[in-house]
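Secondary and tertiary structure notes
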Amino acid sequence: MTLRVARHTNCLKPIIKFYTNVLALEVLGEFVNHDKYEGVFLGKSGIGWYLEFTTSDQKADHTFDPDDILVFYPHSLKEYQLILEKINQNNIPLGSPKNPYWVTNGVLIHDPDGYNIIISKQNI
């Protein structure tokens, strides 16, 4: 089974830059003018999941809760530290997670849409 998490955005280019430059995801595919939608698939080859971001003439209306989070689990301390360096290089502020578990087990940042992203330091 493959998992695809899809989200509409008003800022496709900044989303692509964020997820590829900061989190080191790859552009797996993209499409233009598909029933008035454009989009991109981001992930890593062979891992069984990817993110899809779309844009169109319909504006995204994001309403999410502080506990709505995408959590990324780096495979090594080196990968975790590289992501933290990218966060600092891109002047991305750290947030305060609502769930106390994430206060001690990761860092919270926001993507260009304001969506919560946790970089976990569990299992490294």
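The structure under discussion appears in the preceding block.
Everything numeric here is computed off the predicted structure, so don't read it as measured data.

Helix and strand counts for the protein stand at three helices and seven strands. Its helices and strands taken in sequence order, the protein reads β-α-β-β-β-β-α-α-β-β from the N to the C terminus. For the protein, whose C-alpha radius of gyration is 15 Å, the value lies close to the compact-globule estimate of 14 Å for 124 residues. Summarising its shape, the C-alpha atoms of the protein cover approximately 45 × 30 × 30 Å along the three principal directions. Within the protein, the fraction of its 124 residues that count as buried is 38%. For the protein, the share of sequence-separated contacts (at least 6 apart) that also reach a separation of at least 24 residues comes to 54%.

What follows is about the environment of I87. Turning to its location among the elements, I87 is positioned in helix α2 (residues 77-89). The exposure class assigned to I87 is buried, which follows from its relative accessible area of 1%. Distance in space between the C-alpha atoms of I87 and F18 is 9.5 Å, their sequence separation being 69 residues. Those residues within four positions of I87 in sequence are excluded, and the remaining contacts are V22, I92, L94, I109 and I119.

This part takes up unusual backbone geometry. With a phi angle near 55°, D35 is a residue other than glycine that sits in the positive phi range. For D35, a relative accessible area of 65% translates into the label exposed.

Glancing now at the sheet that holds strand β1 (residues 3-8). With mixed pairing, the four strands of this open sheet are ordered in space as β1-β4-β3-β2. In this open sheet, the two edge strands, each paired with only one partner strand, are β1 and β2 (26-34). Pairwise comparison of adjacent strand axes, ignoring direction, gives a mean angle of 20° for this sheet. Two elements, strand β3 (residues 37-43) and strand β4 (residues 49-55), share six bridges in a ladder whose sense is antiparallel. The residue of β4 that forms the bridge with F41 is E52. Each of β1, β2, β3 and β4 is contacted by helix α1 (residues 12-22), which is oriented at about 5° to β3, the strand it contacts most.

Turning next to α2. The end-to-end C-alpha distance of α2, which contains 13 residues, comes to 18 Å, matching closely the 18 Å that a straight helix rising 1.5 Å per residue would cover. In this fold, the buried residues of α2 make contact with α1, β6 (106-110) and β7 (116-120). Phi turns positive one or two residues past the end of α2, at N91, with a value near 55°.

Once that is clear, we can look at α1. Among the residues making up α1, those that are buried are L12, I15, F18, Y19 and V22. What you see down the axis of α1 is that its buried residues fit within an arc of 145°, all on one side. Downstream of α1 by a residue or two, A24 has a phi angle that is positive, lying close to 60°.

Definitions and limits used
Residues numbered from 1 in each chain as written. Predicted model: local features only at pLDDT ≥ 70, side-chain atom pairs only at ≥ 80, totals over all residues. Heavy atoms only, no water. Helix = DSSP H or I, 4+ residues; strand = E, 2+ residues; numbered from the N terminus. Rg over C-alpha atoms; globule rule 2.2 N^0.38 Å. Buried < 20%, exposed > 50% of the residue type's maximum accessible area, 1.4 Å probe, protein only. Contact = heavy atoms within 4.5 Å. Pairing = 2+ DSSP bridges. Axes fitted to C-alpha atoms, helices over the stretch in contact; angles between N-to-C directions. Expected span 1.5 Å × (residues − 1). Arc of directions from axis to C-beta.

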